[in-house]
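Given next are the chains, with one letter for each unit.
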Amino acid sequence: MHRPVTPHAAAHRPTRLRACAQAVALLLSGAAPALLHAQTAPADEPQRVEITGSAIKRIDGETALPVQVITRKEIDKAGLTTAAEIVSRISASANNLTDGGSIAYGGFRDQSGLNAANLRGLGVSSTLVLLNGRRMANFASPGDGAGVDLNTIPAAAIDRVEVLLDGASSLYGSDAIGGVINFITKRDYQGGEISAYVGKTGEGGGGKRSATLSGGLGDYGRDGFNLFGVFDVQKTDSLNARQRHFIKDLKIPERLPDLLSSATFPGNITLSSSQRDRLIDEGYSSNGKTVIDSKTINPAAATGCNPPATLYLPNGIGGADGCTYDYMRDIELYPQSTKTSLFGRGALDLGGGHQLFGEASWARARTLYSGTPNRIDADMDVSLVPGLAGTSLNTLAPDDEDRIITVRTRLAEAGLRTSELVSTGQRYVLGLNGTLSKWDYEVALNHSSSLVSDRDHNGYLNEDMIRDGFADGTLNPFGPSGAAGLSLYGDAQIRGEVRHATGQTDSLDFKASRPVLALSGGDMALAVGGEFRRERQNYHQSQALADDLILGETSQGQNADFGAARHVGAVFGEISAPITKQLELQAAVRYEHYEVTGSATSPKIGLKYTASPELMFRASAGTGFRAPSLSELYRPVTEGSAATVTDPVCLANDPENTVTDCSDLWTTLNYSNAKLKPERSRQFTLGTVFEPQRGMSVSLDYWNVQKKDTISTIGVDVILANLDKYGSLVHRYNDPAGDPASDFMRVCGDDLDEDDNSICYIDLVKQNRGQQRVSGLDIGLSLSKLQSGVGTFGVRLNGTWTVSSKQQTGKGDPFVSNLGEFVNDGVVQRWRHTVALDWEQGPYSATLSNNYLSGYKDQHIIGKDDRRVSAYTLWNLSGGWDITKDFTLRGGVQNLFDTAPPFSQQAWFFLSGYDPSYTDPRGRFFYASATYRFK
């Protein structure tokens, strides 16, 4: 008979003896370094090990908490080379921040370059990411998400990843409301390994190369020490929209003309009401067909504008009298990047059952984000506008304001806007562990930092010089500018660092555990511990940015620099009580105090019932507490841009207005809030693990999380759809509340226009906004050692069925569901799974896998019909050949059937036509790797 286990362990523990071996393996990858000390114990003594989610060591590897494990072997089979790629395969994750999503923000939202995990769709700030069971500094740039940049995880050193799917951990922090992802590195490694990886796409662009060198010295059990290190470098090529057929197939100009741009080349002319009326009276036509009836005109409309980028689209955002710029014809879908990491670990036997250990990691990600050419609304005298020089506007007096023509143009001659973002993470740990008076103890110092440098590389210009160039005719918004204009573009380039952010976490943590009482089911064990840490965050912008001199960048004013710090203290206790051979009780409590924000006590209880050797039941319940981040509390007002959405007031004011006429990238002002309260949560899980025979395991866990006082802003789409309630957040040019000392005057200017009720900007304010509720089922299946005449087979499945995911926009408001529906910034798919079929025979192996995300209701856009987004399913095939015991070749194809991202009308991301947060625009991707191991 054998013990019931979780699916990930079932394939590796068919007998009681193997159960002990698996428990030892778990310690190798767990949060505690104590295994190296345990190696000195007698070989026949059962070893107690520590499992992710508990500070108590145990012989049985199972606890009441559900833990999903991704092994190094599985990572290699899937051809994954970064932590972000690994996280994307976790079925419980939703709406992660990825490279694709980051570039899709277009550079005008915060935290470009951040890759972050999001378990249960509860938010990056509610997912705790650890390295060997300890915290890392959050991504330094202030923004909406406070989380670890996955680029700083040394992926090449990872031995396994353990995902604690039950949130609010008493051991690691009750801020882990969504769960914990623990990246665990290799340990006690001897010898060396060198590997190389190369990958390319079927259509070009988005290729990748990597090389890894790792080595270890010293057998801890024999020599009393071990040193281990890994160096890894990866380079990824950029991917442009013109390299992908699916972009053309999406037919974005025809289906989403309102999501394109009215900043064109040749430039569109934006008329005032009086200018428009004068030209209408003259019978002026810009398209050569009809007299103008709008304020946006372009003389090039009569000749088809300037395809393929600038198009004549009567239903486009440029209208029937102007032109529309299709930025999706020539824009980056995936950035060029270089990622380098170095990780080292050492352990030294001090004798007497004590061990000194240390870790050091350094990671750097350099990413080049390349967007569209810059844009400007330039003022010119009508005499400099060839298309209007023959109209009556050119006969007006020199001082008549109607002589000034505003041209919205794309500065194609200045080149693409390109920024360089460098994110560097460092982490150093020094600790001591061992046994003292029957207590297994561990204490460690942890210093972790994040540094983010954002540099303008090309296409960002001195705004005053550019405006003067248009005003005096040196620059031509309708055609080539000539030598003088090109020289001016060169002189106006602003390059160098514009933003610099640092974040730092320093902590001291300690824990100790021991058996304290004999019960009928075994020894009751007690663990106690605590953590004291200091968090700091600093942000600085260049003087040019502070002075608002850079065209294409948004300034936060002269007082945008900020620095903030706080102290955090926590203590916890935990007991594990095997009441009987079948029933075990786990209970824990954590007390945390955040400077300024306040304190909370978070209890947790768990039960494990072994009904038979084949069947186990488990349950847990607890509370959580997440203090607002330093960014949410203190960052300065940030000017940004919303998604392209429709203003219903514009639609209502004129029956002839279309969705295109009333859509724009609305300016937003994002506010922090020093009075925010912590988020608090309650969660519980109920589950079972069934192992009917060796090599077969099935698990099913129901989870339920409820948050209150959720920290968030209201989405622009929600604001505009509920103006009766949120209309005060929308500021229009005819706003009578304009105060010279307010942000209104800084953003909108001091010339209020009573006839202009268009939107100037929208307030996005961080507040505690009611509750968030999510629930669902995690399903796991593992079949292994299935023998046949053609080899050994195995099947692995991890899936998540979300039952409910909804949130209030304010206290007392009705709940808004994002389950199977894109709301504000993303969607939670109802069903997500990863399934793999493994095959092995002798030195050969192969894996066929499938990643699936169910379809959902597309984002609701005012004035558009509702629609559904198709399901997204990718098949992957890989194979391996162990040429010798030391030399392995692997190769494979990701996205075997070259599946394109499904069409979406989402308006949150700058990239249009599909959702870049969960899809892969690379298409079919071929890769090969070689690994050589030596002693």
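From N to C terminus, the protein chain includes 18 helices and 46 strands. The C-alpha radius of gyration of the protein chain comes to 30 Å, within 12% of the 30 Å expected for a compact globule of 935 residues. Each principal axis of the C-alpha atoms in the protein chain carries an extent, and together these give about 100 × 60 × 45 Å. Buried residues in the protein chain amount to 59% of all 935 residues. Taking the contacts inside the protein chain whose residues are at least 6 apart along the sequence as the reference set, 71% of them involve residues at least 24 apart. Carbon and sulfur atoms form 55% of the exposed surface of the protein chain, whose accessible area is close to 35,400 Å².

Between side chains of opposite charge, pairing is possible as soon as their charged atoms come close. Enumeration over the complete set of coordinates arrives at 44 salt bridges. Glu162 is paired through a salt bridge with Arg160; the nearest N and O atoms lie 3.6 Å apart. Both residues of the pair, Glu162 and Arg160, count as buried. Between Arg329 and Asp326 there is a salt bridge, and its shortest N-O distance comes to 3.0 Å. By relative accessible area, Arg329 is classed as partly exposed at 34%. Classification of Asp326 by relative accessible area gives buried; the value is 2%. Each member of the salt-bridge network shares a partner with another, and the members are Glu531, Arg533, Glu535, Arg566, Arg590 and Glu592.

Take the state of the cysteines next. On inspection of all chains with the given rule, the structure shows two disulfides. A disulfide bridge connects Cys305 with Cys323, and the sulfur atoms are separated by 2.0 Å. Between Cys305 and Cys323 the sulfur-sulfur dihedral comes to about -90 degrees; the bridge is accordingly left-handed. Of the two residues, Cys305 is situated in the loop between β11 (296-297) and β12 (310-311) and Cys323 in the loop between β12 and β13 (324-325); the sequence distance between them amounts to 18 residues.

It is a general feature of regular strands that their side chains alternate between the two faces of the sheet. Inspection of the sheet shows strand β37 (residues 772-788) paired to strand β38 (residues 791-808) by 15 bridges, in the antiparallel sense. Along β38, the bridge assignment pairs Arg773 with Lys806. Between β37 and β38, which pair antiparallel one after the other, the connecting turn spans two residues. Two elements, β38 and strand β40 (residues 831-841), share ten bridges in a ladder whose sense is antiparallel. Residue Gly799 lies in a different strand from β40, and its bridge partner there is His833. Taking the residues that link successive antiparallel strands as the turn, the β38-strand β39 (residues 815-817) hairpin has six residues, and the phi of Gly812 there is positive, at about 85 degrees.

In this fold, Asp326 is placed in the loop between β13 and β14 (332-334). Here Asp326 is in contact with Pro253, Leu260, Ala309 and Leu311, once residues within four sequence places are set aside.

The next thing to look at is helix α11 (residues 463-471). For α11, the full list of buried residues reads Glu463, Ile466, Gly469 and Phe470. In an axial view of α11, the angular spread of the buried residues amounts to 125 degrees, which keeps them on one side of the axis. Along its buried surface, α11 packs onto β17 (375-381), β18 (404-410), β21 (461-462), α12 (482-492) and β24 (550-551). By the N-cap criterion, in which a side-chain oxygen at the helix start approaches the backbone nitrogen of a residue two or three places on, α11 is capped by Asn462, the distance to Asp464 being 3.1 Å. Looking at the residues trailing α11, positive phi occurs at Gly473, about 85 degrees.

The next thing to look at is the packing of aromatic side chains. This structure, assessed with the given rule, holds 14 aromatic pairs. Relative to Phe532, the ring of Phe510 lies with its centre 6.3 Å away and its plane at 25 degrees, an arrangement referred to as stacked. Taken together, the residues span a long stretch of sequence, with Phe510 in strand β22 (residues 496-519) and Phe532 in strand β23 (residues 522-541) at a distance of 22 residues. Classification of Phe510 by relative accessible area gives partly exposed; the value is 32%. Judged by centre distance (5.9 Å) and plane angle (45 degrees), the rings of Phe684 and Tyr702 are tilted. Here Tyr702 lies in strand β32 (residues 696-708) and Phe684 lies in strand β31 (residues 679-693), a separation of 18 residues in the sequence. Given the relative accessible area of 32%, Phe684 is considered partly exposed. Clustering of aromatic rings is evident, with ring pairs tying together Tyr856, Tyr872 and Tyr918. One cation-aromatic arrangement involves Arg120 over Trp703; the distance from NZ or CZ to the ring centre is 3.9 Å.

Bringing the nonpolar core into the picture now. In this structure, Met328, Leu333 and Ile762 are the most contacted members of the largest nonpolar core, which totals 38 residues. At the level of elements, α8 (245-249), β14, β29 (638-646), α16 (716-721) and β35 (759-765) are the ones that each hand at least two residues to this core. Ranked by residue count, the leading element in this core is α16, at four residues. Sequence-distant contacts of Met328, that is, excluding residues within four places in its chain, are made with Ala241, Ile247, Ile252, Leu333, Leu911, Ser912 and Tyr914. Of all hydrophobic cores here, the second largest spans 30 residues; its members include Ile70, Leu80, Val87 and Leu165.

Whether parallel or antiparallel, the strands of a sheet pair through hydrogen bonds between backbone atoms. Within the open sheet, the four strands sit side by side as β11-β10-β18-β17. Their pairing is antiparallel. Looking at which strands have only one partner, the edges of the open sheet turn out to be β11 and β17. Of the strands in this sheet, β17 and β18 are in contact with α11, which crosses β17 at around 40 degrees.

Rules used in this analysis
Residues numbered from 1 in each chain as written. Predicted model: local features only at pLDDT ≥ 70, side-chain atom pairs only at ≥ 80, totals over all residues. Heavy atoms only, no water. Helix = DSSP H or I, 4+ residues; strand = E, 2+ residues; numbered from the N terminus. Rg over C-alpha atoms; globule rule 2.2 N^0.38 Å. Buried < 20%, exposed > 50% of the residue type's maximum accessible area, 1.4 Å probe, protein only. Contact = heavy atoms within 4.5 Å. Areas by Shrake-Rupley, 256 points an atom, 1.4 Å probe, with all protein chains shown as cover. Salt bridge = Lys/Arg side-chain N within 4 Å of Asp/Glu carboxyl O. Disulfide = S-S within 2.5 Å. Pairing = 2+ DSSP bridges. Arc of directions from axis to C-beta. Polar contact = N/O pair within 3.5 Å; in protein donor to acceptor, adjacent residues only side chain to side chain. Phe/Tyr/Trp six-rings, centres within 6.5 Å; stacked < 30°, edge-to-face > 60°. Lys NZ or Arg CZ within 6 Å of the ring centre and 35° of its normal. Core = buried A, V, L, I, M, F, W, Y, C linked by side-chain atoms within 4.5 Å. Axes fitted to C-alpha atoms, helices over the stretch in contact; angles between N-to-C directions.

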